[in-house]
Amino acid sequence: MSKQLYFEDIREEQEIPVLVKNPTPMQLVKFAGASEDFNPIHYDKDKALADGLPGTIVHGRLKNAFLIQVLTDWIGEQGWLKKIAIQHRGMDLPWHPIACKGIVTRKYVEGEEHLVDCEVWTENEKGEKTAPATATVRFPSRG
């Protein structure tokens, strides 16, 4: 966990520290069990290939978890992930790195809350965004 950030530390267009994930077939099997998503395209290469896929693919909900982690790691224990909306636009494959990236798009105060809007996304090794998302986080204030 990084040090606690405060609203006053944040600036628009600030980059969120990158989190790189390297999913393995074993992680996909474990996630299938934990999430009860037993679609064979996530663990059966022959089935995935027969369906026209390049091989087994990473669960969309696992990429959701990666994006949530990049935000919650960044905001610290006193921060709060208020909302996130994720779209799945591309496939990611096991044994290929997935970079979770983001940028601050807006900083504002609403009532008593010190809020920051962000764009976050997963990116494959070709630099393609595979799961773009928008999020709003709440930071503590020093004031």
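Below is a short write-up of the structure. (Residues numbered from 1 in each chain as written. Predicted model: local features only at pLDDT ≥ 70, side-chain atom pairs only at ≥ 80, totals over all residues. Heavy atoms only, no water.)

**A word on the nonpolar core**
For the record, the criterion: In these notes, a set of buried Ala, Val, Leu, Ile, Met, Phe, Trp, Tyr and Cys residues joined through side-chain atoms within 4.5 Å is what counts as a nonpolar core. Burial classification: accessible surface area is computed with a 1.4 Å probe over protein chains only, and a residue below 20% of its type maximum counts as buried, one above 50% as exposed, and the rest as partly exposed. The way it works is that DSSP assigns letters per residue, a run of H or I at least four long becomes a helix, a run of E at least two long becomes a strand, and they are numbered from the N terminus. We call two residues contacting when some pair of their heavy atoms lies within 4.5 Å.
Counting residues in each nonpolar core, the largest one holds 26 residues, and the members touching the most others are Leu71, Trp74, Val116, Cys118, Val137 and Phe139. For this core, the elements supplying multiple residues, two or more each, are strand E1 (15-21), helix H1 (25-35), helix H3 (60-75), strand E3 (98-110), strand E4 (113-123) and strand E5 (129-139). Excluding residues that lie within four positions of it along the chain, Cys118 makes contacts with Ile16, Leu71, Trp74, Ile103, Val104, Thr105, Ala133, Thr134, Ala135 and Val137.

**Focus: the layout of surface pockets**
We apply this condition: Put simply, the grid is 1 Å and covers the protein atoms alone, a cavity is a trapped set of points that fit a 1.4 Å probe, a pocket is an open set with protein on both sides within 12 Å along at least five of seven lines, and lining residues have an atom within 4 Å of a point. Grid points are joined across faces, edges and corners, and a volume is the space filled by probe spheres set on the points. Under the scheme applied here, ten amino acids are nonpolar (Ala, Val, Leu, Ile, Met, Phe, Trp, Tyr, Cys and Pro), four are charged (Asp, Glu, Lys and Arg), and all others, including Gly, are polar.
Here the largest pocket defines a volume of roughly 180 Å³. As for the largest pocket, its lining consists of Pro54, Met91, Asp92, Leu93, His96, Pro97, Asn124, Glu125, Lys126 and Glu128. Per-class residue counts for the lining of the largest pocket are four nonpolar, two polar and four charged.

**Some words on the environment of Ile86**
Mapped onto the elements of the fold, Ile86 is located in strand E2 (residues 80-86). For Ile86, a relative accessible area of 22% translates into the label partly exposed. Discounting chain neighbours no more than four positions away, the residues touching Ile86 are Asn64, Leu67, Ala131, Pro132 and Ala133.

**Here's the deal with the pattern of salt bridges**
Using the following cut-off: Criterion for a salt bridge: a side-chain nitrogen of Lys or Arg within 4 Å of a carboxyl oxygen of Asp or Glu.
What the rule picks out here adds up to seven salt bridges. Where Asp9 meets Arg142, a salt bridge forms, and the shortest distance between an N and an O atom there is 2.7 Å. Of this pair, Asp9 sits in the segment before E1 while Arg142 is found in the segment after E5, placing the two residues 133 residues apart along the sequence. Between Asp92 and Lys63 there is a salt bridge whose closest N-O contact spans 2.8 Å. With Asp92 in the loop between E2 and E3 and Lys63 in helix H3, this pair connects stretches of sequence that are 29 residues apart. A single burial state applies to Asp92 and to Lys63, both of which are buried. Here the residues in one salt-bridge network are Lys82, Glu113 and Arg138, joined through shared partners.

**Re unusual backbone geometry**
Look at Glu13: it is not a glycine, yet its phi comes out positive at around 75°. Phi is positive for Trp95, which is not a glycine, with a value near 70°. Considering the arrangement of structural elements, one finds Trp95 in the loop between E2 and E3. What makes Trp95 exposed here is its relative accessible area of 64%.

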